[in-house]
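Spelled out, the chains give:
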Amino acid sequence: MTEISKRSLRVKRSNIPLILMMFVIVVFGLVILYSVSGPAGYAREAEEKSSLFYLSKQLGYTVAGLVLALVISFIPIKLFKHPFVWGVSYGLSLLLIVITKVGGYELNGAKRWIKIGGTTFQTSEFVKVAIVIALAGYRAFIVDQRKKGKLKAETKTKQILKDAFFDFILPVSMALLIDAFILIQPHFSCFLIVGFVVFMCTLNSGVSLRSWLVGGLVVLVVGIIGVATYITVNPDYQGNFAHVVQRFNIFATTKGDETTDVTDDEMRQVTNAHNALGSGGMWGRGLGNSRAKYNYVSEAQNDYIFSIYVEETGFVGGAILILVYLTIFAMFVMVILKTDSIFSRMIATGCSSLIMIQVLLNLAVELQIAPSTGVTLPFVSYGGTAQVFLLIAYGMILSVSRSGTAIVEKKELDE
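Below is a short write-up of the structure.

Conventions adopted
- One numbering rule holds for all chains: residues counted from 1, following each sequence as written.
- Given that the model is predicted, a residue must reach a pLDDT of at least 70 before its local features are reported, and side-chain atom pairs must reach 80 or more before they are shown or counted; all residues, however, enter totals for whole chains, interfaces and linings.
- Water and hydrogen atoms play no part in the side-chain values, which are based on all heavy atoms of the structure.
- Using protein atoms alone on a 1 Å grid, points that fit a 1.4 Å probe yet trap it form a cavity, whereas open point sets bounded by protein on both sides within 12 Å along at least five of seven lines form a pocket; residues with an atom within 4 Å of a point count as lining.
- Grid points are joined across faces, edges and corners, and a volume is the space filled by probe spheres set on the points.
- Note on conventions: DSSP H or I runs of at least 4 residues are helices, E runs of at least 2 residues are strands, and numbering of each starts at the N terminus.
- Polar here means any residue other than Ala, Val, Leu, Ile, Met, Phe, Trp, Tyr, Cys and Pro, which are nonpolar, and Asp, Glu, Lys and Arg, which are charged; Gly is therefore polar.
- Burial classes follow relative accessibility: with a 1.4 Å probe on protein chains only, a residue under 20% of its type's maximum area counts as buried, one over 50% as exposed, and anything between as partly exposed.
- In this description, the term disulfide denotes a pair of cysteine sulfurs within 2.5 Å.
- Any two residues having at least one pair of non-hydrogen atoms within 4.5 Å are treated as being in contact.
- Orientation is described by lines fitted to C-alpha atoms, with helices fitted over the stretch in contact, and by angles between N-to-C directions that extend from 0 to 180 degrees.
- If an angle is under 35 degrees, it is roughly parallel; if it is over 145, roughly antiparallel; if it lies from 65 to 115, roughly perpendicular; otherwise it is oblique.
- Should the near helix be turned counterclockwise from the far one by less than a right angle, the crossing is left-handed, whereas a clockwise turn marks it as right-handed.
- The residues that make up patches have over 30% relative accessible area and no salt bridge, and they are joined within 9 Å when like-charged or within 5 Å when they are Val, Leu, Ile, Met, Phe, Trp or Tyr.
- The protein chains shown are the only cover counted for residues, whose accessible areas, like all others here, come from Shrake-Rupley with a 1.4 Å probe.
- A carboxyl oxygen of Asp or Glu within 4 Å of a side-chain nitrogen of Lys or Arg is what we treat as a salt bridge.
- Note on charges: Lys and Arg go in the positive column, Asp and Glu in the negative column, and His and the chain ends are not counted at all.
- For the purpose of locating charges, the reference atoms are NZ of Lys, CZ of Arg, CG of Asp and CD of Glu.
- The nonpolar core is taken to be a set of buried Ala, Val, Leu, Ile, Met, Phe, Trp, Tyr and Cys residues, with the residues joined through side-chain atoms within 4.5 Å.

1. Digging into empty space enclosed by the protein
Inspection of every chain in the model, using the stated rule, returns two cavities of 30 Å³ or more. Looking at the largest cavity, its volume works out to about 80 Å³. Lining the largest cavity are L135, Y138, R139, D167, P171, V172, C201, T202, S205, V207 and M346. Looking at the lining of the largest cavity, the elements that each hand over two or more residues are α4 (123–147), α5 (156–183) and α6 (188–203). Tallied by class, residues from the lining of the largest cavity come to seven nonpolar, two polar and two charged. In this structure, the second largest cavity encloses a volume near 50 Å³. In terms of lining residues, the second largest cavity is bounded by Q58, T376, L377, P378, F379, V380, S381, Y382, G383, A386, Q387 and L390. Of the residues forming the lining of the second largest cavity, the biggest block, three residues, is contributed by helix α13 (residues 384–403). Class assignment for the residues of the lining of the second largest cavity results in seven nonpolar, five polar and no charged.

Now the structure itself:
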């Protein structure tokens, strides 16, 4: 007779469905990039002229990102909780952003890159991931201090102010300091992304409503003073954000506002991308058969890759890609719901928010729901630094799924 006994064991397993979806979206992206970027690659200078130019470079970054993601997935998430890790993450982020602003590589009037050897490195992509680690580590540290009976005040009023300072004012202000340097690069879209990620991390960190209200008021007042000071000492500040104003004007023009001062040439990119999006019909022209990618839409492999993809694959192809993103997002939410600590929850929340907000911003622009932001489509658009750090963020979520979720019960049969 067989005797059945049950044991509760702590098992650490990789999230195979989430790993498979990572490979699905990456392969999907490489196929789309190859189909879209051929003409742009062939139009480059003679020594670089090749329809495989963008694909070959992206493939190298993708392999590096996948390796890092898989390695990180096997690192216990609690190791990132060490003060040295999250402290260095914040310090290096601030240092890189300042270096970029002071002596970075300038392109189209913006300093967003630094040169390392013969390669350009977009520092803001590192910051997007590092700020999540820094916020999660700091919050876990504060919670641990309270468990040890520290951070107590003498009176109730002082306790409210002390809680607001350590729970909200200090971490949010330090994060917004980095975000402010990103804004004056200028890099408005990244400013929005980092701001959203900071908001989501703080929202899901267990900070009390009272600390939100008190701390939010203080941060708002300091922020207004900071903006007023910047405008005072930099009277030509409007010139730094002329491209942002122009993008809003172009968006207003597409919505029928003829009072804006926008030329047909300035409208060309948005108009042609929108026409490409609509010309695909239900089934598209066929993979590789886009017309708009032949310089009707400039740099088609970047911001407006979704429009070209839909032109080739139609509504069905676009819906399939969106469905893949929604499936990944649903898996991210399941990981967040199963986390066993504030640190794990904030890591999963921050990295998930980082990926999905960029998907939403890119699609909103291409569907003409929002002004152009310059945000690329994660895992699909060309961009080496972005590809690597998005995959690192994915790897952090895999690490949380493997070692930062609740105990899994495993039943064993004993003869």
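2. A closer look at unusual backbone geometry
Even without being glycine, L151 reaches a positive phi, approximately 60 degrees. Tracing the backbone shows L151 in the loop between α4 and α5. Overall, the relative accessible area of 18% leaves L151 in the buried class. Positive phi, close to 70 degrees, is recorded for F379, a residue that is not glycine.

3. Points about the state of the cysteines
Summed over the entire model, instances satisfying the criterion amount to zero disulfides. The cysteine C201 is free of any disulfide, with C351 supplying the nearest cysteine sulfur at 7.8 Å. Of the residues examined, C351 reaches a relative accessible area of 1% and is grouped as buried.

4. Examining the environment of T253
One can find T253 in helix α9 (residues 242–254). Through-space distance from the C-alpha of T253 to that of M267 is 8.5 Å; in sequence the pair is 14 residues apart. Once residues within four sequence positions are removed from consideration, T253 is found in contact with T260, V262 and M267.

5. Here we look at the layout of surface pockets
The computed volume of the second largest pocket comes to approximately 660 Å³. Taken together, 21 residues form the lining of the second largest pocket, with L176, A180, G223, G226 and V227 sitting closest to its centre. Listing elements by their share of the lining of the second largest pocket, those giving two or more residues are α5 and α7 (209–233). Of all the elements, α7 adds the most residues to the lining of the second largest pocket, at nine residues.

6. Section: the side chain of S353
Summarising the element assignment, S353 is placed in helix α12 (residues 342–366). Taking relative accessible area as the criterion, S353 reaches 8% and is therefore assigned buried. Aside from chain neighbours lying at most four places away, what touches S353 is F196, V197 and M200.

7. Here's the deal with the packing of α5 against α7
Put simply, α5 and α7 touch, their axes get as near as 8 Å, and they point 60 degrees apart. If you check the angle between α5 and α7, you find them oblique. The hand of the α5/α7 crossing is right-handed. For the pair formed by α5 and α7, the contact residues are K156, I160, L161, D163, A164, D167, F168, I169, V172, S173 and L176 on the first element and R210, S211, W212, V214, G215, G216, V218 and V219 on the second. A class-by-class count of the residues in the contact of α5 with α7 yields eleven nonpolar, four polar and four charged.

8. Points about a negative patch on the surface
A cluster of like negative charges, contributed by D261, D264, D265 and E266, occupies part of the molecular surface. As for its position among the elements, D261 is in the loop between α9 and α10 (264–279).

9. A look at the side chain of Q387
One can find Q387 in helix α13. Leave out the neighbours within four places in its chain, and Q387 touches Q58, T62 and F379.

10. Quick notes on the nonpolar core
If you look at the biggest cluster of nonpolar residues, it comprises 100 residues, and the most contacted ones within it are L321, I347, I355, L377 and Y394. Contacts of L321, omitting those with residues within four sequence positions, involve I25, F28, I32, F306, Y309 and L377.

11. What about the pattern of salt bridges?
Counted by the stated rule, this structure contains eight salt bridges. For K81, the salt bridge goes to D144, with nearest N and O atoms at 3.8 Å. Of this pair, K81 sits in the loop between α2 (53–73) and α3 (83–103) while D144 sits in helix α4, and the two are 63 residues apart along the sequence. One salt bridge connects R146 with D167, and the closest N-O pair in it is separated by 3.0 Å. One end of the pair, R146, is in helix α4; the other, D167, is in helix α5, and 21 residues separate them in sequence. Looking at R146, the relative accessible area reads 29%, which means it is partly exposed.

Any functional reading would require information beyond the geometric quantities listed.
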